[in-house]
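Coordinate analysis (summary)
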Amino acid sequence: MMVFGKKCPACGAGELTARPSASRIAALPTAKAYSCSSCRQPLVFLGLFSIGIENRRYARKKMPPFFLVRIAGRTHQYAKIKNISEGGLCFDHHYSAGPLNSRLLMVDLYNCNEGSSLEQLPAKIVATSEQLLDINGIKTTVLNYCAQFVNLNQAQRKVLHTCLAQYGVS
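The structure presented is a predicted model; accordingly, all values stated were derived computationally and were not measured.

Description of the pairing of strand S9 (residues 104-111)
Within a regular strand, side chains alternate between the sheet's two faces. With five bridges connecting them, strand S6 (residues 67-71) and S9 associate as antiparallel partners. For valine 69, the partnering residue across the bridge sits in S9 and is leucine 109. Sheet topology note: the S9/strand S10 (residues 116-135) ladder contains seven bridges and is antiparallel. Note on S10: the bridge partner recorded for tyrosine 110 is serine 117.

This is the structure we're talking about:
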């Protein structure tokens, strides 16, 4: 992704945070490495335009609102899926639901319309951020977790691929 100006190519926000350069493009003398304060997209600014740096191997997809992630534990917790790929997912978790117990999770993709689910997907939390939202005048804190699927077996990969192909929107 590339856009003109010093802004995020993913969401268009202009609030950027400097970060250490880790890509070949950022090694150029005029390049500056940033990440978006809103969506955390890494990017490089080259004077006239910004280039997004993508670390994922698989395309991100949006799921319909009736898909939730169910986090296994003593009591099941549900969270809204922001985006998902065959390599992992990002989800919003309400702050009042309490923090997750571990960096390693077992998650289920739950289809609320049909009552079906893809269960016991092992995942590892790789990034966490906190966001203050104002919804109809009520301030609430939402935690955004990004998790990478780890050690999926062949059957889980196949069903996940089929689910993303059927319901996912690019």
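So, the pattern of salt bridges
Scanning the model with the defined rule gives two salt bridges in all. Between arginine 70 and aspartate 108 there is a salt bridge, and its shortest N-O distance comes to 3.0 Å. Residue arginine 70 is found in strand S6, and its partner aspartate 108 is found in strand S9; the two are separated by 38 residues along the sequence. A relative accessible area of 10% means that arginine 70 is categorised as buried.

Considerations on the packing of aromatic side chains
The geometry of an aromatic ring pair is captured by two quantities: the separation of the ring centres and the angle between the planes. Enumeration according to the criterion identifies six aromatic pairs in this entry. When the ring of phenylalanine 4 is compared with that of phenylalanine 49, the centres are 6.5 Å apart and the planes differ by 80°; the resulting orientation is edge-to-face. Highlighted residues: phenylalanine 4 in strand S1 (residues 2-4) and phenylalanine 49 in strand S5 (residues 49-52), separated in sequence by 45 residues. Given a relative accessible area of 68%, phenylalanine 4 falls into the exposed group. Of the residues examined, phenylalanine 49 reaches a relative accessible area of 23% and is grouped as partly exposed. The rings of Phe66, Phe67 and Tyr167 are connected pair by pair, giving a single aromatic cluster.

What counts, and at which threshold
Residues numbered from 1 in each chain as written. Predicted model: local features only at pLDDT ≥ 70, side-chain atom pairs only at ≥ 80, totals over all residues. Heavy atoms only, no water. Pairing = 2+ DSSP bridges. Helix = DSSP H or I, 4+ residues; strand = E, 2+ residues; numbered from the N terminus. Salt bridge = Lys/Arg side-chain N within 4 Å of Asp/Glu carboxyl O. Buried < 20%, exposed > 50% of the residue type's maximum accessible area, 1.4 Å probe, protein only. Phe/Tyr/Trp six-rings, centres within 6.5 Å; stacked < 30°, edge-to-face > 60°.

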